[in-house]
Amino acid sequence: QVQLVESGGGLVQPGGSLRLSCAASGIIFSVFAMGWYRQAPGKQRELVARISSGGSTNYADSVNGRFTISRDNAKNTVFMQMNSLKPEDTATYYCNGVGGFLGEYWGQGTQVTVSS
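Residues numbered from 1 in each chain as written. Predicted model: local features only at pLDDT ≥ 70, side-chain atom pairs only at ≥ 80, totals over all residues. Heavy atoms only, no water.

K.L.:
I'd love a proper account of unusual backbone geometry, names of residues and values included.
P.N.:
Of note in the backbone geometry, Asn76 takes a positive phi value of approximately 50° without being a glycine. The backbone of Ser84 shows a phi angle near 50°, a positive value even though the residue is not glycine. Relative to the assigned elements, Ser84 resides in the loop between β8 (77–82) and β9 (91–98). Note on Ser84: relative accessible area 41%, which makes it partly exposed. (Helix = DSSP H or I, 4+ residues; strand = E, 2+ residues; numbered from the N terminus. Buried < 20%, exposed > 50% of the residue type's maximum accessible area, 1.4 Å probe, protein only.)

Encoded structure:
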């Protein structure tokens, strides 16, 4: 059974930081490209950051320079460090794993709220 379990969301003031984690089980984690998506109320889900199986990264323009995605294959976990958070970063953040013919999987999401 495949599971992607996010943690680390919460309420933070503008300018603050959070670190999201996504622990994967039931997949060959090291061959999966992993990503973080977010969805705000009334908006479409959008890609925030992605890291390939080889460690290459790409980011949405809106978070480039503020967010950093990383992975620990030994712990089957992907992280996203979020700094200089803005109110517009408020959303539910979802972990995503893509393994080609091995399939695509989603976590349940973790809420991030940036507000004073």
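Alright, that's what it looks like, and here's the rest.
K.L.:
Hey, could you go over the packing of aromatic side chains for me, with residue numbers and the actual values?
P.N.:
Under the defined criterion, the tally for this structure stands at 2 aromatic pairs. Centroid distance Phe32 to Tyr105: 6.2 Å. Interplanar angle 35°. Geometry classified as tilted. Taken as a pair, Phe32 in the loop between β3 (18–25) and β4 (33–39) and Tyr105 in strand β10 (residues 104–106) lie far apart in primary sequence, 73 residues in all. According to the relative accessible area criterion, Phe32 is buried, its value standing at 2%. (Phe/Tyr/Trp six-rings, centres within 6.5 Å; stacked < 30°, edge-to-face > 60°.)

K.L.:
Explain the sheet that holds β3 to me, and be specific about the residues and the numbers.
P.N.:
Overall, antiparallel pairing links the 4 strands, which are arranged β1-β3-β8-β7 in an open sheet. Across the chains shown, the open sheet's two edge strands, defined by having one partner strand only, are β1 (3–7) and β7 (67–72). The average angle at which neighbouring strand axes cross in this sheet is 15°, direction not considered. One ladder, built from 5 bridges, connects β1 with β3; its direction is antiparallel. Its bridge partner lying in β3, Gln3 is registered against Ser25. (Pairing = 2+ DSSP bridges. Axes fitted to C-alpha atoms, helices over the stretch in contact; angles between N-to-C directions.)

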